[in-house]
Every structure is written in C-alpha cells, then in structure tokens.
There are 2 protein chains.
Amino acid sequence: MTEDRFFQELFARLPRPPGGVVVPPGDDCAAVTVPEGRLLLFAVDQVVGGRHYVAHGPADTPPRLVGRKVLARNLSDVAAMGGTPTYCVVSAALPPQRSEGWLNEVLDGVVALAAEYGVHMIGGDLSAAPHDEVVSLAILGEVEAARVCRRGGARAGDLLLATGRFGDSFPSGHHLSFVPRLREGQWLAGSGAVTAMIDVSDGLLLDASRLARASGQAVALHPERVPLRTPQTSLAAALHDGEDYELLAAVRRDRAEALLAGWPFGDVPLTALGEFVPGREPGVYDGRGARLDTRGQAGYDHLQGREANP
Amino acid sequence: MTEDRFFQELFARLPRPPGGVVVPPGDDCAAVTVPEGRLLLFAVDQVVGGRHYVAHGPADTPPRLVGRKVLARNLSDVAAMGGTPTYCVVSAALPPQRSEGWLNEVLDGVVALAAEYGVHMIGGDLSAAPHDEVVSLAILGEVEAARVCRRGGARAGDLLLATGRFGDSFPSGHHLSFVPRLREGQWLAGSGAVTAMIDVSDGLLLDASRLARASGQAVALHPERVPLRTPQTSLAAALHDGEDYELLAAVRRDRAEALLAGWPFGDVPLTALGEFVPGREPGVYDGRGARLDTRGQAGYDHLQGREANP
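Just so it is clear, the model here is predicted, and its values are computed rather than measured.

How each quantity is defined
- Here the residue numbers are simple positions, counted from 1 along each chain's written sequence.
- The order in which chains are written sets their letters, starting at A; the order in which ligands are written sets their numbers, starting at 1.
- Local features in this predicted model are restricted to residues whose pLDDT is 70 or higher, and side-chain atom pairs enter the listing and the counts only when it is 80 or higher, whereas totals over whole chains, interfaces and linings include all residues.
- Secondary structure elements are defined from DSSP: runs of H or I of at least 4 residues count as helices, runs of E of at least 2 residues count as strands, and each element is numbered from the N terminus.
- One less than the residue count of a helix, multiplied by 1.5 Å, gives the span that helix is expected to have.
- At least two DSSP bridges between two strands are needed for those strands to be called paired.
- In this analysis, axes come from line fits to C-alpha atoms, helices being fitted only over the stretch in contact, and the angle between any two N-to-C directions falls in the range 0 to 180 degrees.
- For the purpose of contact definition, each residue receives a C-beta atom placed from its backbone, and two residues are in contact when these atoms lie within 7 Å.
- Residue type decides the class: Asp, Glu, Lys and Arg count as charged, Ala, Val, Leu, Ile, Met, Phe, Trp, Tyr, Cys and Pro as nonpolar, and the leftover types, Gly among them, as polar.
- Copies overlap after least-squares fitting; the atoms used are the C-alpha atoms of residues with pLDDT of at least 70 in both.
- For the exposure call, what matters is how many other C-beta atoms sit within 10 Å of a residue's own: 20 or more marks it buried, 12 or fewer exposed, and in between partly exposed, using C-beta atoms placed from the backbone.
- Reported domain spans reflect what an automatic or database domain assignment gives.
- What makes a nonpolar core is a set of buried Ala, Val, Leu, Ile, Met, Phe, Trp, Tyr and Cys residues, with links drawn between C-beta atoms within 7 Å.
- Roughly parallel covers angles under 35 degrees, roughly antiparallel covers those over 145, roughly perpendicular covers 65 to 115, and oblique covers all other angles.
- The hand of a helix crossing depends on one turn: near helix anticlockwise from the far one by less than a right angle means left-handed, and clockwise means right-handed.

1. Section: helix α2 (residues 63–80) of chain B
Working note: α-helix, 3.6 residues per turn, so residues spaced by three or four point in the same direction.
Part 1 of the reasoning: Over its 18 residues, α2 of chain B runs 26 Å from end to end, which matches the ideal 26 Å to within 8%, given 1.5 Å per residue.
Part 2 of the reasoning: Residue Gly82 of chain B follows α2 of chain B closely and has a positive phi angle near 80°.

2. What to know about the sheet that holds strand β9 (residues 218–221) of chain B
Residue and element names in this part refer to chain B.
Part 1 of the reasoning: Spatially, the 6 strands line up as an open sheet ordered β8-β10-β7-β11-β9-β12, and their pairing is mixed. The sheet terminates laterally at β8 (194–200) and β12 (283–285), the two strands that pair on one side only. Strand-to-strand twist of the sheet, defined as the mean angle between neighbouring strand axes without regard to direction, takes the value 30°.
Part 2 of the reasoning: With 6 bridges joining them, β8 and strand β10 (residues 246–251) adopt antiparallel strand pairing. Its bridge partner lying in β10, Ala196 is registered against Ala250.
Part 3 of the reasoning: Along the sheet face, helix α6 (residues 182–191) touches β7 (159–163), β8 and β10 and points at about 165° away from the line of β8.

3. With respect to the interface of chain A and chain B
Part 1 of the reasoning: Taken together, the contact between chain A and chain B spans 66 residues of the former and 66 residues of the latter.
Part 2 of the reasoning: Top element by residues in the side of chain A that touches chain B is strand β3 (residues 38–48) of chain A. It accounts for 9 residues.
Part 3 of the reasoning: Broken down by class, the residue content of the side of chain A that touches chain B amounts to 37 nonpolar, 16 polar and 13 charged.
Part 4 of the reasoning: Here β3 of chain A runs beside strand β2 (residues 30–32) of chain B; their pairing, made up of 3 bridges, is antiparallel.

4. Digging into the sheet that holds strand β4 (residues 84–94) of chain B
Part 1 of the reasoning: The sheet built from 6 strands is open, its strands ordered β1(A)-β2(A)-β3(B)-β6(B)-β4(B)-β5(B) with mixed pairing. Only two strands of the sheet have a single partner each, and these edge strands are β1 (21–23) of chain A together with β5 (120–128) of chain B. This sheet shows a mean twist of 25° between the axes of neighbouring strands, independent of strand direction.
Part 2 of the reasoning: Pairing of β1 of chain A with strand β2 (residues 30–32) of chain A, which is carried by 2 bridges, proceeds in the antiparallel orientation. Each bridged residue has a counterpart across the sheet, and for Val23 of chain A the counterpart in β2 of chain A is Ala31 of chain A.

5. Let's talk about the relation of the copies chain A and chain B
The second copy of the chain is related to the first by a rotation about an axis and a shift along the axis.
Part 1 of the reasoning: Mapping chain A onto chain B calls for a rotation angle of 180° and an axial translation of 0.0 Å; the resulting RMSD is 0.0 Å. Considering both components of the superposition, the chain copies are consistent with a two-fold axis.
Part 2 of the reasoning: Comparing interface residues between copies, 100% of those in chain A also sit at the interface in chain B, which points to an isologous, same-surface contact.

6. A closer look at helix α3 (residues 100–116) of chain A
Residues and elements named next belong to chain A.
Part 1 of the reasoning: Taking 1.5 Å of rise per residue, the 17 residues of α3 would be expected to cover 24 Å, and the 25 Å separating its terminal C-alpha atoms lies within 8% of that figure.
Part 2 of the reasoning: All of the buried residues in α3 are Leu103, Val106, Leu107, Gly109, Val110, Val111, Leu113 and Ala114.
Part 3 of the reasoning: The secondary structure elements touched by the buried residues of α3 are α1 (3–12), α2 (63–80), β4 (84–94), β5 (120–128) and β6 (134–144).
Part 4 of the reasoning: Positive backbone phi, approximately 70°, marks Gly118, located one or two places after α3.

7. Some words on the domain arrangement of chain A
It is common to give the size of an interface as the accessible area that goes away when the parts come together.
All names here are of chain A.
Part 1 of the reasoning: Segmentation of chain A into domains returns domain 1 (36–147) and domain 2 (159–285).
Part 2 of the reasoning: Relative placement of domain 1 and domain 2: their C-alpha centres are 24 Å apart.
Part 3 of the reasoning: Among the elements that line the side of domain 1 that touches domain 2, the one with the most residues is α2, at 11 residues.
Part 4 of the reasoning: For the side of domain 1 that touches domain 2, the class distribution of residues is 7 nonpolar, 4 polar and 5 charged.

8. Considering the nonpolar core
Part 1 of the reasoning: Of all hydrophobic cores here, the largest spans 189 residues; its most connected members are Phe42 of chain A together with Phe42 of chain B.
Part 2 of the reasoning: Not counting chain neighbours up to four residues away, the residues in contact with Phe42 of chain B comprise Cys29, Ala30, Val32, Tyr87, Val89, Ile122, Gly123 and Leu140 of chain A together with Leu140 of chain B.

9. Side note on unusual backbone geometry
All names here are of chain B.
Part 1 of the reasoning: Not every positive phi belongs to a glycine, and Asp168 is a case in point at roughly 55°.
Part 2 of the reasoning: Counting through the fold element by element, Asp168 comes out in the loop between β7 and α4 (169–172).
Part 3 of the reasoning: The phi torsion at Tyr245 lies on the positive side, around 55°, for a residue other than glycine.
Part 4 of the reasoning: Here Tyr245 is to be found in the loop between α8 (235–240) and β10.
Part 5 of the reasoning: Of the residues examined, Tyr245 has 25 C-beta atoms within 10 Å and is grouped as buried.

10. Focus on the packing of α2 of chain B against helix α3 (residues 100–116) of chain B
Residues and elements named next belong to chain B.
Part 1 of the reasoning: Running from N to C, α2 and α3 point in directions that differ by 45°, and their axes come no closer than 6 Å. Here α2 lies oblique to α3, going by the angle between them. Two packed elements cross with a definite hand, and for α2 against α3 that hand is right-handed. Residue-level inspection shows Pro63, Arg64, Leu65, Val66, Gly67, Arg68, Val70, Leu71 and Ala72 of α2 in contact with α3, the latter providing Trp102, Glu105, Val106, Leu107, Asp108, Gly109, Val110, Leu113 and Ala114.
Part 2 of the reasoning: A breakdown of the residues in the contact of α2 with α3 according to their chemical character gives 12 nonpolar, 2 polar and 4 charged.

In structure tokens:
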C-alpha cells in the first residue's frame, strides 16, 4: 500500500467536507475559506508511543484511543481560546512493526472524535521511522475577535474558576477518554466575564502559574477546594499531575456569582478555586499567602521526558 | 530547561510577527487574521532521522539543514498551489541523546528559511521520544481563489512544463539545499495559463502520473528532454529518484510559447517535457506511446520505508 492509496482510501470514507473546503485533500495543500471578521486559531500537539500512551506489550493502548487523544489534546487548546475547531492535518511516523491496519484505526479514532465536533481532517503525511511512533496533529479553529480568551488578561480581584476534576489522569484512563471542554470554553468566552483562560494539560498548579505569570498577577488558590477525580485521588495528584484537560478561567468578580449560578453544564463542575490578589510577586499562593511550588513533581513536562505511566 | 522556557527563548529571538498575528506564540493557540477573499492553504510534512537525513555518525546532518528541510518541503507544497506561505507550527519528538542546543539549531534552520519567505513560526510542541527524532511542520499559506492551481485541471492538448533539473537529490545534497519554487509557482499561477500543477517530491514519473490521473488524462513525457541534475546523473535517476522539489505544470498550448519566452527566472530552466494526449488511459507514456512504469524503483514512497541514502 502506498501513501497515496492509503490517503485516498482514508479520505474516501470520511464525511464529505463542508462548503468552506474549496480544495479537498488530494492536492499539495488543502484550501479553505475563513469567514470575514473571524480570527484563525492555529496550534500543534503530538503523541509519542511510550510517553503519551503504551506502545507495546499486553497493555498496548488501542489505536483508536491514540488517535482520539492526539485530536482531543488539540481540541482542548482551541477550547482554552474560546474557539470552535474547524480543520486538522495529521502526520504519522511509524516503525516497521505497526501495520497499516493499526494506522487506519489511529486515524479512525481521530476522525470519529472530529465528527463529534464538526472538525474535518484535510491533509496528512506518513513516514517510516526506525523504532518509535509519533503522531502529530495541527489544528485550525475560529473565534470572534472580540471573544478570544488569552492567558494574559487576569487582573487583581478576579476569581479563578476551574471546570471538572483533577489528578490521576493516567491511572484512571482519563487521559484517553477525556471530553475536551469546547462547549464550556465557548460558553465562558461568550459570557464576556472571562479575562483570561488556559487549559490544564501539565498540572493544575503549573498551568495556574502560567496564567498568573502571563497576566503579571498573583493568584491565591485554595487547595482544599480542588475537586478530586476519584475518592482515592490525593491532593498532591490533583495539584501536580498532568493531562487533566480542564479549563482555568479568570473571571471578573462582579460577574462570577451570576456565572456560577447560570452554568448550564450540570455534568461538569465549575468551581471557584481562588482569587487574584494585589501586591505580591506573580505566581501561585495558597489561601494563607504561602507560595506554592509549581515545579518539581509539578506538571508533566514533555521536554524533561517524564515517562507517561498509564 | 522546560518546554515553556525553551519556547520563550526561541520566540524572543524571532522577528516580531506582522500585524496579522493577533495572538502571538505563548497562548494555547496562536491567532491570525486572513485577508478577505483569499483562500487559506493548509498542509503538513515531516522529516525523520535516518530516513530524510542522517541522524548519527560522522555524516550526521547539520541540524540547521534538518530544520531548513522540513520547512522547505512544506514551502514546495505551497508553491505547487501558486500560493504565498504565511505561518507555520512545528512539533519535535527527540531522543535523550539530542541536546537542547541541537534542537535550537534545528529551529534556527526553520526560522532562517522562514525569514527569507516572510513566514512566521507561531507555535510548537516538544516531546521526548525513546529512540527516534521526528520533526513535523504544518504550514499555512494564502492564494487568490481565482489563481489556485490544483492537480486535476489538465486537458488534452496542454503541454507539460517542468522547472529545474532532476535526479541524484541525495548524493548531490540537493535534498538539503534546494530552493523551494515559490516565486516560480506564483508566476506560473499568475499567468492564468496553468491548468494544473504539482510539486515533484516523490520522483518525476510518479508525480507526473499523479497529475495526469487527477486530471483523468494521459501525458506523453519525452524522457530525452528531462534536464539532468549533473552531467553524471543517469536518466533513470532523473525519472525515478525522489526529493527534486521542482514544479510540474500543465499549460494551455496556445499560451505555452509566450510563457516559455517570458520566463523571467534565468537561473532555473523551464522545460517542455511533453504534452497531454487524447484517447488513452490516464497515465504517463513515452513519446512513442509506450506506458512508462511509475512504480517499482519509481518514486520515494515514505510509507514503503525506502531508506534515505544521502
């Protein structure tokens, strides 16, 4: 099977792309229209066998979940901007022992999740690799310019809200099954009350720290308020584990009560974890003003190479 | 060094992004504007150590050339659509033996070539990998909707033109130093005489076959007309080797003479290799009507895993 044939067969079984796809897959680039007045969002994220999923042995991650994960990670990034995902392209580098059937299942996992969110896969590239398997996905999305949420807008007095629950993503399997918070991100961005937003992919405290530092603010985060993923989840896991894929939003204090009361997603908790406070160095503090360590165990740093431990 | 710090330092030394970058790197996605009435082009391509470049030993490819190559491959795809590249994002998965300095040089290679073409790198993702090194780049570009060139528009009677020379890309080092044919692609697209275009990345005959089949046409390609890369290059290498990164264009016969006469790029040959002919099965034939085999030795099929042999 050649790369051409592989993609021909893949794209033939995909849903017909919408009218905005002027040049569908099969040319050197796909070409799409972008509605006037919308910003185009652009990001990339990858999964690596043995790091983001189990790539061998009896616990080998089902390939559909590998594909699901690489798209879901990207969808979480679009969610954090308040955006709507639109198109993606996928590159895969695979070792000799991975069959075409395995790759087809990976891409079926991408496409099945894509269909749930109206995303279309419109390009790809395949290569052999000597040993490892690496699947990289680049995503496009759109957002109204006036609605886009960034990391750097939080101000002293804002509250820090979080969707969902935290910790134990690997042992619970959450890292393979999580639902990206797109509707929540769009709803929050649409409220006009959010001053900054980020997705929690590398640990709650580390990502809270990124939000606070990008905003030049200190945030007091009350650890006892953090929702734990399971009754067995430790507070340390909730604060430091990676791959929660929840949203952290800074919200204007005068709008927070109404926002919490109007939250329409009963299956996903929305929790006030703390508040941005004046007069301190940017960073994350506990409720008594002690600085919390966001490094060390904190966060899943991909470059440091901490092994995924599913 | 964390991934955050790595990208902060990288983006700090990049040229300031243009006004169209509304959200620069550092958020969950970058956000850009797209001019009204332009199509957005989107593609992905990757390089894998040991396949697209030498990844160990005394012939280890300089990392700047690795980065240059992954961007140049993508630029060639944008060129084939007649487009102008605008933005890119890069993901890299690296084994323990590759240092941060090595990665910085790879990205310096991306950024230096990007600057030549007004392309801005606006996002990235890093991961550790157990053994291999994989660098994937997704590119955006723009093109006037009326000018976009596709593979499928050639008609019987059109001529087949090619830029540049063919064969021996690996032994000559062309695969690391080639100049993507952006100005040539834009000029050809702007002429209004091109009915179809493709870049030659996987072998002249294989890519000619893709153009012909996408157009539902037969093309007679005269092998003796193919410009050879060097005096030592064999015809077989010119017809079948991969990684030429030249353009093949189908051109209206009544416009071809003026196009060849007006070709403004004296350092790059433009050659009429043949013509599209009626009444045959789609594919590639020689001047006497014998079908040419575009498979087998033909083409650099990444999924089949033919080893790069620099």
